[in-house]
Amino acid sequence: AAPAPVAAAQPDPATLQEHQVVASAVIPKRTAKADNRWVGESLHRRISELRHYPSTARLNGWEGKVVLKVSIRNDGHLNAVEVVKSSGYESLDQAAIEAVRRACPLHMKHELSSEMVVLTLPVNYSLNR
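A brief look at the structure comes next. (Residues numbered from 1 in each chain as written. Predicted model: local features only at pLDDT ≥ 70, side-chain atom pairs only at ≥ 80, totals over all residues. Heavy atoms only, no water.)

### Here's the deal with the packing of aromatic side chains
Within the structure shown, the criterion is met by two aromatic pairs. Ring centres 5.3 Å apart and planes at 90 degrees place the aromatic pair Y53 and Y125 in the edge-to-face group. Placement of the pair is Y53 in the loop between α2 (37-50) and α3 (55-60) and Y125 in strand β3 (residues 116-125), with a sequence separation of 72 residues. (Phe/Tyr/Trp six-rings, centres within 6.5 Å; stacked < 30°, edge-to-face > 60°. Helix = DSSP H or I, 4+ residues; strand = E, 2+ residues; numbered from the N terminus.)

Structure below.
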């Protein structure tokens, strides 16, 4: 009796899956992104020291969180700042932007691996603090 023909066009799914796993393991991973969290922490500390609660906001009981996008150059100077998410009050948003401007230039205790770092920075305004 002749042996049954082998279907070469259909690979064994178990073997295929095994090869896929091996193939993905040998693909080089991208270089890890530099950890520049310290820049954000340093900026946050400076803002906490310099932040001003606008008197109109205080008198009206306005509170909120402003989320800013901040670009800091590798020399510590501010490149750009913009509101990503408003607090709902123009005076609080502007006060947060002004605090970032006053906080810069930052003291760069480490060297950055790029020309600029972009941070997303929340600034909270609460009358209970």
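### A short note on the pattern of salt bridges
Enumeration over the complete set of coordinates arrives at two salt bridges. Between R46 and E49 there is a salt bridge whose closest N-O contact spans 3.2 Å. Taken together, the residues R46 and E49, both in helix α2 and three residues apart, mark about one turn of the helix. Residue R46 is classed as partly exposed on the basis of its relative accessible area, which comes to 30%. Accessibility expressed as a relative area gives 56% for E49, which makes it exposed. (Salt bridge = Lys/Arg side-chain N within 4 Å of Asp/Glu carboxyl O. Buried < 20%, exposed > 50% of the residue type's maximum accessible area, 1.4 Å probe, protein only.)

### Notes on unusual backbone geometry
Of the consecutive residues C104 and P105, the connecting peptide bond is found in the cis state with omega at 10 degrees. Relative to the helices and strands, P105 resides in the loop between α4 (90-103) and β3.

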